[in-house]
Every structure is written in C-alpha cells, then in structure tokens.
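Working through the structure, step by step
Okay, here's what each chain looks like letter by letter:
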Amino acid sequence: MLREVLIIAACLVFSSGLFCACSEKQNNESSLTILYTNDVHCSYANYPTIAAYKETLKGNGINTVLVDGGDFVQGNPAGASDKGATMIRLMNAAGYDYAVPGNHDYDYGMDAFVENANCAGFEWITCNFTGTGTGEKEFPYEAYKVLEVGRHHIALIGIEYEKTEDAYMKKVQKAIADATEEGADYIIAVGHTGHDVKAIIENNAGIDVYLNAHDHAVNDAEERILSYRDREGKSVPVYETGTGLKYMGKLILDCESEKIRYSFQLKTVDELESEMKDPVLKSAAMVRDACNRFVKQCDETMQPYRVKVGESECTLCVYDPMTFPQYVDCIEYNSTDLLADAFRAAGKTDIAILNFDSARVGLFPGTVTRLDICNLYPWNLKVYTTELSGRQIIEVLEYNLRNYPAYTPAGPAVSGMTFTIDASVPWKENTNSRIRSVMIGEEPIDENKVYSVTGSEYYLLTANKDIIKKTADDCSCIGVDHDVIETYIKNDLNGIIPGSLYSDPEGLHRINKITK
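Everything quoted here is computed from the prediction, not taken from an experiment.

Thresholds applied
- Residues numbered from 1 in each chain as written.
- Predicted model: local features only at pLDDT ≥ 70, side-chain atom pairs only at ≥ 80, totals over all residues.
- Heavy atoms only, no water.
- Helix = DSSP H or I, 4+ residues; strand = E, 2+ residues; numbered from the N terminus.
- Rg over C-alpha atoms; globule rule 2.2 N^0.38 Å.
- Buried < 20%, exposed > 50% of the residue type's maximum accessible area, 1.4 Å probe, protein only.
- Contact = heavy atoms within 4.5 Å.
- Areas by Shrake-Rupley, 256 points an atom, 1.4 Å probe, with all protein chains shown as cover.
- Polar contact = N/O pair within 3.5 Å; in protein donor to acceptor, adjacent residues only side chain to side chain.
- Phe/Tyr/Trp six-rings, centres within 6.5 Å; stacked < 30°, edge-to-face > 60°.
- Pairing = 2+ DSSP bridges.
- Axes fitted to C-alpha atoms, helices over the stretch in contact; angles between N-to-C directions.
- Core = buried A, V, L, I, M, F, W, Y, C linked by side-chain atoms within 4.5 Å.
- 1 Å grid on protein atoms, 1.4 Å probe; cavity = no way out; pocket = protein on both sides within 12 Å on 5 of 7 lines; lining within 4 Å.
- Points joined across faces, edges and corners; volume = space filled by probe spheres on them.
- Nonpolar A, V, L, I, M, F, W, Y, C, P; charged D, E, K, R; others polar.
- Expected span 1.5 Å × (residues − 1).
- Salt bridge = Lys/Arg side-chain N within 4 Å of Asp/Glu carboxyl O.

**Quick look at the overall build of the protein chain**
Helix and strand content of the protein chain: 15 helices and 27 strands. Rg of the C-alpha trace for the protein chain: 23 Å, near the compact-globule value of 24 Å for 516 residues, within the 12% margin. By principal-axis analysis of the C-alpha atoms, the protein chain measures approximately 70 × 50 × 45 Å. Out of the 516 residues in the protein chain, the part that is buried amounts to 56%. Pairs at least 24 apart in sequence give 77% of the contacts found in the protein chain among residues at least 6 apart. Surface summary for the protein chain: the accessible area is close to 21,400 Å², and the carbon and sulfur share equals 47%.

**Concerning the side chain of Arg510**
As for its position among the elements, Arg510 is in the loop between α15 (499-502) and β27 (511-514). Engagement of the side chain of Arg510 in a polar contact is seen with the side chain of Asp341, the distance being 2.8 Å. In this view, Arg510 contacts Glu332, Asp337, Asp341, Val414, Ser415, Met417, Thr418 and Phe419; residues no more than four positions away in its chain are not counted.

**Here we look at the packing of aromatic side chains**
Evaluation of the coordinates by the stated rule reveals 18 aromatic pairs. Seen in terms of ring centroids, Tyr47 and Tyr96 are 6.1 Å apart; in terms of plane orientation they differ by 80°. Their pairing is edge-to-face. On the criterion of sequence distance, the pair formed by Tyr47 in helix α1 (residues 47-59) and Tyr96 in the loop between α3 (85-94) and β4 (98-99) is long-range, its members being 49 residues apart. Residues Tyr47 and Tyr96 agree in their burial class; the two are buried.

**Looking at the sheet that holds strand β5 (residues 123-125)**
The seven strands are arranged β6-β5-β4-β3-β2-β14-β15 in an open sheet whose pairing can be described as mixed. Lying at the two open borders of the sheet, with one neighbouring strand each, are β6 (141-142) and β15 (261-268). One ladder, built from two bridges, connects β4 with β5; its direction is parallel. By the bridge assignment for β5, Tyr98 is matched with Glu123. Set on the sheet, α1 makes contact with β2 (31-37), β3 (64-68) and β14 (247-254); between it and β3 the angle comes to about 155°.

**A short note on the nonpolar core**
Grouped together as the largest cluster of nonpolar side chains are 46 residues, with contacts concentrated most on Tyr44, Tyr47, Phe72, Tyr96, Phe113, Phe122 and Trp124. Those elements that provide at least two residues to this core are α1, α3, α4 (110-119) and α8 (282-302). Contacts of Trp124, omitting those with residues within four sequence positions, involve Phe72, Ala99, Val100, Pro101, Phe113, Ala117, Phe139, Pro140, Tyr141 and Glu142. Judged by nonpolar contacts, the second largest core, of 34 residues, contains Tyr319, Ala359, Tyr377 and Trp379.

**With respect to the layout of surface pockets**
Remark: the empty space left among the atoms is shown by a probe the size of a water molecule rolled over them. By volume, the second largest pocket is sized at about 560 Å³. Considering the residues around the second largest pocket, the lining is formed by 29 residues, among which His41, Ser43, Gly244, Val361 and Asn375 are closest to the centre. Breaking the lining of the second largest pocket down by element, the ones donating at least two residues are α8 and α10 (370-376). Partitioning the lining of the second largest pocket into residue classes produces 12 nonpolar, 12 polar and five charged.

**Some thoughts on helix α9 (residues 334-347)**
An α-helix turns once per 3.6 residues; consequently, residues spaced three or four apart project the same way. Given a rise of 1.5 Å per residue, 14 residues ought to cover 20 Å, and the 20 Å separating the end C-alpha atoms of α9 matches this to within 8%. Among the 14 residues of α9, 11 are classified as buried, and the element is accordingly described as predominantly covered. Just past α9, the residue Lys348 takes up positive phi, approximately 50°.

**Notes on the pattern of salt bridges**
One pass over the full model with this rule turns up 20 salt bridges. A salt bridge links Arg89 to Asp82; the nearest nitrogen and oxygen atoms lie 3.7 Å apart. By relative accessible area, Arg89 is classed as partly exposed at 37%. As a salt-bridge pair, Asp208 and Lys234 come within 2.9 Å of each other at their nearest N and O atoms. Of this pair, Asp208 sits in the loop between α6 (197-202) and β10 (209-212) while Lys234 sits in the loop between β12 (226-229) and β13 (235-241), and the two are 26 residues apart along the sequence.

**Brief notes about the sheet that holds strand β18 (residues 366-369)**
The strand order across the open sheet formed by three strands is β18-β16-β26, and the pairing between neighbours is mixed. Taken across any chain shown, the strands that pair with only one partner, and hence form the sheet edges, are β18 and β26 (496-497). Summarising the sheet, strand β16 (residues 308-312) and β26 pair through two bridges and their orientation is parallel. Across the sheet, residue Ser312 finds its bridge partner in β26, namely Ile497.

**Focus on the pairing of β2**
β2 sits mainly inside the fold: seven of its seven residues count as buried. Neither face of β2 is left uncovered, since the one carrying Ser31, Thr33, Leu35 and Thr37 and the one carrying Leu32, Ile34 and Tyr36 both have all their residues buried. Pairing geometry for β2 and β14, over six bridges, is antiparallel. Among the inter-strand pairings, Thr33 is bridged to a residue of β14, identified as Ile252.

Have a look at this one:
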C-alpha cells in the first residue's frame, strides 16, 4: 500500500547513510522509483518521453512517482504566452505526482501562480511557502508527503528558495520533525535551493537524500557526486539534473530490508527511449500522444520567434556548468556585456546595469533568431531608465557582490563603467569595503554626482529596491527587453555580433578582481 510521504524541500533528500547500489530488478511491493526533473524552464519537447517512460514503469508493475523541483512555467514564449498555463497542462498530461514551486514559477505574479497551482493535477509540496498576503490558503499544498513502501515510510519534503540561509532553518526543521512524528523513517528533501543546500544540510539532521534544483547543476552518482555532512555527522548525497530537461533523474529505493538501499542515475532522453522495449504499452503510447498535442501547440506559439535577427561571429557564454564548464568561475561573460551594452544603447544613459545570471542559454556562431534572444535572456520584462547617485551605484555593486568569490548570481553586469572587486577583504554591510577604482566612462565616480542609468525591471525595482528606493513611476520605460536586444543587434551592430568586440568568453574585463 502506497501512502504519501514525500519530503520536498526544493532539494530532494535521500537518507540511508551509505550509498548502496540497488538492482533494477525490483520487488514491487517493497520498492519505490522516483523520477526527478528540475529547472525545465519551458523546454517542453522531451515531456512526451518522460510521460511514456513513467507509464511504462507503472505498466510493468513498478511503483513509480514523478517529481519536479521547480522552475517549469518560465523560460521561453511557450510559457510566457499564457503565463504558464500550457506548461501546467503539459505536466498534468505527463503524469507528474508532486512539485515544489521554484522562484521563477512566480514570475507572472502571485495571481497567475495561484491560478496555475489550482489547475495542477499534481500535488504541491512546500514547507516554507510564505503566503499570498491574504491569510488564506489559496491553493492546496502540504509541507511534505509520506509514502508507505514495504516496511518503511518515506517522506518527501518540499523546500522553496529563500533569500537568506537563516530563513530556511526553522521551517525545514519543523517539517522533518512533523514527518518523523507521523512515522517517516526515511526523508527525501526536494529543494529549489541551489547553493543553499550546503547550509540546509549542515544545520539540520534527518535528511537522507537531497534532490536539489535552482542552480542548474548536474550532480549524479558518478564523478559529479556531491554530499555534505549534517549536524550529526551523517553524509547526505545531493543530486540534481541540470536544466532544460536534458536529463531526468531516477532514484530507486529498495525498502525490503531494515535499511533502505538506493541508487541514483541520470538518464538522457535517448537512454529512456532505448529502455522502453517492444512491445510498446498502449497506455504509454496514449500518454505520449496526449503530451504531443501540447507540444504541437507550443511549437505553433514559438514559430513567429524563429525569424532571423542577425548573425554572430562568436560564441556568447553564460553560466552553464554543462555547456561551458571551463567558465563557471567567471564574474563577467561576453553575453552579459552584450546585454548591458544593448540596454545602455537603448536608454542613451551614462551606464547600464543588470544581474549577472540573467543570461541563461549560450549563443553560438551563425544565424541569430528572435528565439535565440529569448533563450539568451528569457525574462520578457520592461527596461527602465532612471537616475542614481554615485553613492547608490557603489552600494549596488557592494551589496550584489557581497558573497563573491562564492557563486554570485545577482552580481552586476555593466556597460559604461569599470571597477574592481577586492575579494580578499570581507564584506561589511553599509560600508564601501570591497569596491575599488570605479570609473564612469573615463572619469572616476563622484559619489555626490547624479548619473543616468538603464536597467532591467527586476534589478532596479526589485533586487535593489532598498538601495535604489524607486518605483516604476519614478523611472521611464523604454521598451521590453527582447525588443531592446533585437534593436541593438539590428541597428547598433548592423546585424552582426562582432567577434572583434565580443569574442572573449570572459567579456570585456569591465570587472577586475582581487582574490588574494
């Protein structure tokens, strides 16, 4: 009998203490297979295979659940066109059982999220949902789910992304305690927590396996295995499947003996297809067909975006551990420099500034389409101009590079300025402790002078609102980001992204760093 005990924390936690290989041959009464995806970001084409694979396992009597770690409704026009509604319907058709909300699943606003959440055919797991502000539970969710498998009770705890590490701890601890009190003896955290997974594990006890999301890393049971010790010294493995549905994770739990044994594998779509042996199950073909109807709908939505915008003479790199592993430690990319240049050209301002991790999918030499631009910068947000003092600009740089040289997704990408970050000095709040040699154009920055600035809606009005202290009414909107970037390529660059300017993957070295 399967009773729901899944603990999802935006990190999937698998507890066992030891990594034990587990045979594909399963006792269906006392085993559980968890299929796991994360950070799909509207990469819809492989959902039919995922759906058919799950149905094939079930059709062969294998106890199976399908779980997602968040960030599935945002990423390209197929999701943005109806604020994620089609992506939810596609996941319903694919047979998802549980999901944790990712931070980008809220990108269309809370009203759209709640509407999508209520249309989902799967269950939401989150132990730290902060609410809609109404005090009402406007969509169904639980902190965890417990599944009874053989002699064991397995809990999935869902964990959403938080802005500070401290915000997680009490909520995660409570979910673990509550699930344990309910009878769970094995806890899997499903967390959309990225690099915060380390602090979550180290400050808690009770998680056995962690299924992670958010930072698009690929962690499997081979050379990319990642683990941290919890506060009681137990090693907790962390698994993640990258982004874009390039991989699916397969966690097999053998619950027949007193100690649960497990194995984890990353599977490509080709590997999944090869495992679905003849004869093809009728039920698997049916769910594949159901998903393909939505895939066709998404293809039609995407078609107008395949029009040519220009050409690129070089590869534009982004933070992507799988595609560009040699550049994961960069503080600046040629892609983010191009984006900042596009914003500044459109705004005709002294400088432009946006967040470092806003570039998501690399761009390669050859034809550049509008869809390539949407993939490179998938946000579809307004671009604003405003005015900031030199002091405010320095504070923005200081605050957003406070964690450097650790991974710094909110770090600045800039145009019209250069500066140095001294990472050998610890960051101190409300002090100019690490930013050096700031130049605006050819002149040193004047903290008392007012400068014109172009920036993204997110960076100016949300990420740095406590420093900038402006609303949309205090700024001038100059267009939507995709249009701004397309115009820059077409008009300012005459249709060619020049290798002479943007060929260095580490950018134009506008940000210099001191690390020792």
